Amino acid sequence: MEKTKGINRAQFLAGAAAVGAAGALLPACGAAAKARDEGAGQGRDRQSPGRGLTRRGIVYTVGAGETPATAWRADRMRADLRALRDDLHADTVDVTGEGVERLTATAAEAAELGLHVWLQPTLGDVPEREILDHLAETGRFAERLRRQGASVELSVGCEFWLFVPGIIPGETVLERIANLQSGNVDWARTQRRLSRFTAKAAALGRKVFHGRLSYASAPEIDNVDWSLFDVVGIDYYSYFPRRADYVRELRQHLRWGKPVTITEFGTCTFRGAPEAGGMGWDIVDYDKTPPEIKGNPLPVRSERTQAAYLTDLLDVFESMNLYAAMVFEFLTADAPHRPGDPRHDLDMASYGIAKAIQDRPGDPDTGWHWEPKEAFHAVARAYGRAADRRR
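In this report, the structure presented in the accompanying data block is examined. (Residues numbered from 1 in each chain as written. Predicted model: local features only at pLDDT ≥ 70, side-chain atom pairs only at ≥ 80, totals over all residues. Heavy atoms only, no water.)

Comments concerning the overall build of the protein
For the protein, the helix and strand inventory stands at 12 helices and 14 strands. Each of the 391 residues in the protein was classed as buried or not, and the buried ones make up 59%. Pairs at least 24 residues apart make up 73% of the contacts formed inside the protein by residues separated by at least 6 positions. Just so you have it, the protein exposes about 15,700 Å², and 48% of that area is on carbon and sulfur atoms. (Helix = DSSP H or I, 4+ residues; strand = E, 2+ residues; numbered from the N terminus. Buried < 20%, exposed > 50% of the residue type's maximum accessible area, 1.4 Å probe, protein only. Contact = heavy atoms within 4.5 Å. Areas by Shrake-Rupley, 256 points an atom, 1.4 Å probe, with all protein chains shown as cover.)

Written out as structure tokens, the structure reads:
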């Protein structure tokens, strides 16, 4: 998982989930309100009627890693992408994270393998200008790939309200989450700042990239003016006991009359994880050295729970003929699986569908390999059946 000044992507998700109820307090921007009022029923025509999902993907996060052993490596990346194409049967890879060289090298390899590339830079907790420069450089590379014939789309970023300083009070993500949880937020001002930065990122994306443009939103917080984009992007971590409730919740995003992509969806690897949504990671006490799983009794590891949630959601997305869905995520190398040691089995708190196994358990500098979880096999079967139907 990418690391941004001491907080990883799982904790970003947790922040979003923890303040999800606050989304109801955000005033709708004018364009969004108008679309909700006038656009009912139009979105389904812009999906792929009768065909299910058009693109079936996986989030592949690039980043510096928490230790040298878990840092991005070109040889490992190339092997991973081949496994995602050949074994998972994904046709799309969401290349996301920070570091232009890592992003562009991974995107180029994915394109070379014939995968559709959804390229999404997510630099955070640095000045706004640096975030926009990072986006511009990544977007220019995406445009070069597109002109060379690659299948590529650009997302200008992810959940700006949390990643970008200055939208919500707080110098760091942890400070912004704390302010959200305490209610120390002026929602009208937050929405103005968020809308301003989103519009600025969209304009920059249009300037450097001439293919389809999107953004990965947290719908509980973001009130995005989707007229700025070609594809509606939703990070989705809801849980309902009834399938119809997912359809009801997701249907609102069709009203813009544009393709809808589930830019992230997933859950952790223990019983009850789907109900925890983006807070699944919170079963780990990171103040301990080494970090350990909390609870007495401990949560019960369940790869089957993760697999069932993912396949249930894929069925929903397919039935709605959404444009694309990206499983979050392939692997969390910094949360290794410790078989036989449930107190330190950090993979239980991972959204990855593969598990990292250390050569010397407990040694952060050791080498490691990955093995597929039940979720990997379940998604592979679903993606493989869809590919067979298209032949």
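That shown, we press on.
A closer look at the environment of A354
By the secondary structure assignment, A354 is in strand β13 (residues 354-358). Taking the C-alpha atoms as reference, A354 lies 5.5 Å from E371; in sequence the two are 17 residues apart. Excluding its chain neighbours within four sequence positions, the residues that come into contact with A354 are F330, L331, D347, W370, E371, P372 and K373.

Re the side chain of E143
When you line up the elements, E143 lands in helix α5 (residues 128-147). In terms of polar contacts, E143 uses its side chain to reach the side chain of R147, at 2.8 Å. With near-sequence residues (within four places) excluded, E143 lies in contact with V208, F209, H210 and G211. (Polar contact = N/O pair within 3.5 Å; in protein donor to acceptor, adjacent residues only side chain to side chain.)

What about the nonpolar core?
Residues L88 and F317 are the most contacted members of the largest nonpolar core, which totals 95 residues. Ignoring sequence-local partners within four residues, the contact set of F317 consists of L53, Y236, L250, I262, F265, L322 and A325. Of all hydrophobic cores here, the second largest spans 19 residues; its members include Y237, Y323, A324 and M348. (Core = buried A, V, L, I, M, F, W, Y, C linked by side-chain atoms within 4.5 Å.)

What about the pattern of salt bridges?
Between side chains of opposite charge, a pair can form as their charged atoms come close. Inspection of the entire model under this criterion finds 25 salt bridges. Note that D133 and R129 form a salt bridge whose closest N and O atoms lie 3.1 Å from each other. Of this pair, D133 and R129 are both found in helix α5, 4 residues apart, which corresponds to roughly one turn of the helix. For D133, a relative accessible area of 41% corresponds to the partly exposed category. (Salt bridge = Lys/Arg side-chain N within 4 Å of Asp/Glu carboxyl O.)

Structural notes on the packing of aromatic side chains
Summed over all chains, the structure comprises 16 aromatic pairs. On the basis of an interplanar angle of 85° and a centroid distance of 4.8 Å, the ring pair of F160 and F197 is categorised as edge-to-face. Of this pair, F160 sits in helix α6 (residues 160-163) while F197 sits in helix α8 (residues 187-208); the two residues are 37 residues apart in sequence, bridging distant segments of the chain. Neither F160 nor F197 differs from the other in exposure class; each is buried. Here a set of aromatic residues connected by ring pairs shows up, and it is made of F160, F197, Y215, W226 and F229. Over the aromatic face of Y323 sits the side chain of R212, whose NZ or CZ is 4.6 Å from the ring centroid. (Phe/Tyr/Trp six-rings, centres within 6.5 Å; stacked < 30°, edge-to-face > 60°. Lys NZ or Arg CZ within 6 Å of the ring centre and 35° of its normal.)

Remarks on the sheet that holds strand β7 (residues 213-217)
Taken in spatial order, the 8 strands of this closed barrel run β3-β4-β5-β6-β7-β8-β9-β12, and their pairing is parallel. Here the average twist between neighbouring strands, direction ignored, is 25°. Where strand β8 (residues 232-236) and strand β9 (residues 260-265) come together, 5 bridges link them in parallel fashion. Within the sheet, the bridge partner assigned to G233 lies in β9 and is T261. (Pairing = 2+ DSSP bridges. Axes fitted to C-alpha atoms, helices over the stretch in contact; angles between N-to-C directions.)

A word on the packing of helix α11 (residues 303-319) against helix α12 (residues 374-390)
Closest axis-to-axis distance for the α11/α12 pair is 7 Å, and the angle between their directions is 25°. By the criterion of interaxial angle, the relationship of α11 to α12 is roughly parallel. Considering how the two elements wind past one another, α11 and α12 form a crossing that is right-handed. Residues E303, R304, Q306, A307, L310, T311, L314 and E318 of α11 lie in contact with α12, whose contacting residues are E374, A375, A378, V379, A382, Y383, A386 and R389. Considered class by class, the residues forming the contact of α11 with α12 number 9 nonpolar, 2 polar and 5 charged. (Parallel < 35°, antiparallel > 145°, perpendicular 65-115°, else oblique. Left-handed = near helix turned anticlockwise from the far one by under 90°. Nonpolar A, V, L, I, M, F, W, Y, C, P; charged D, E, K, R; others polar.)

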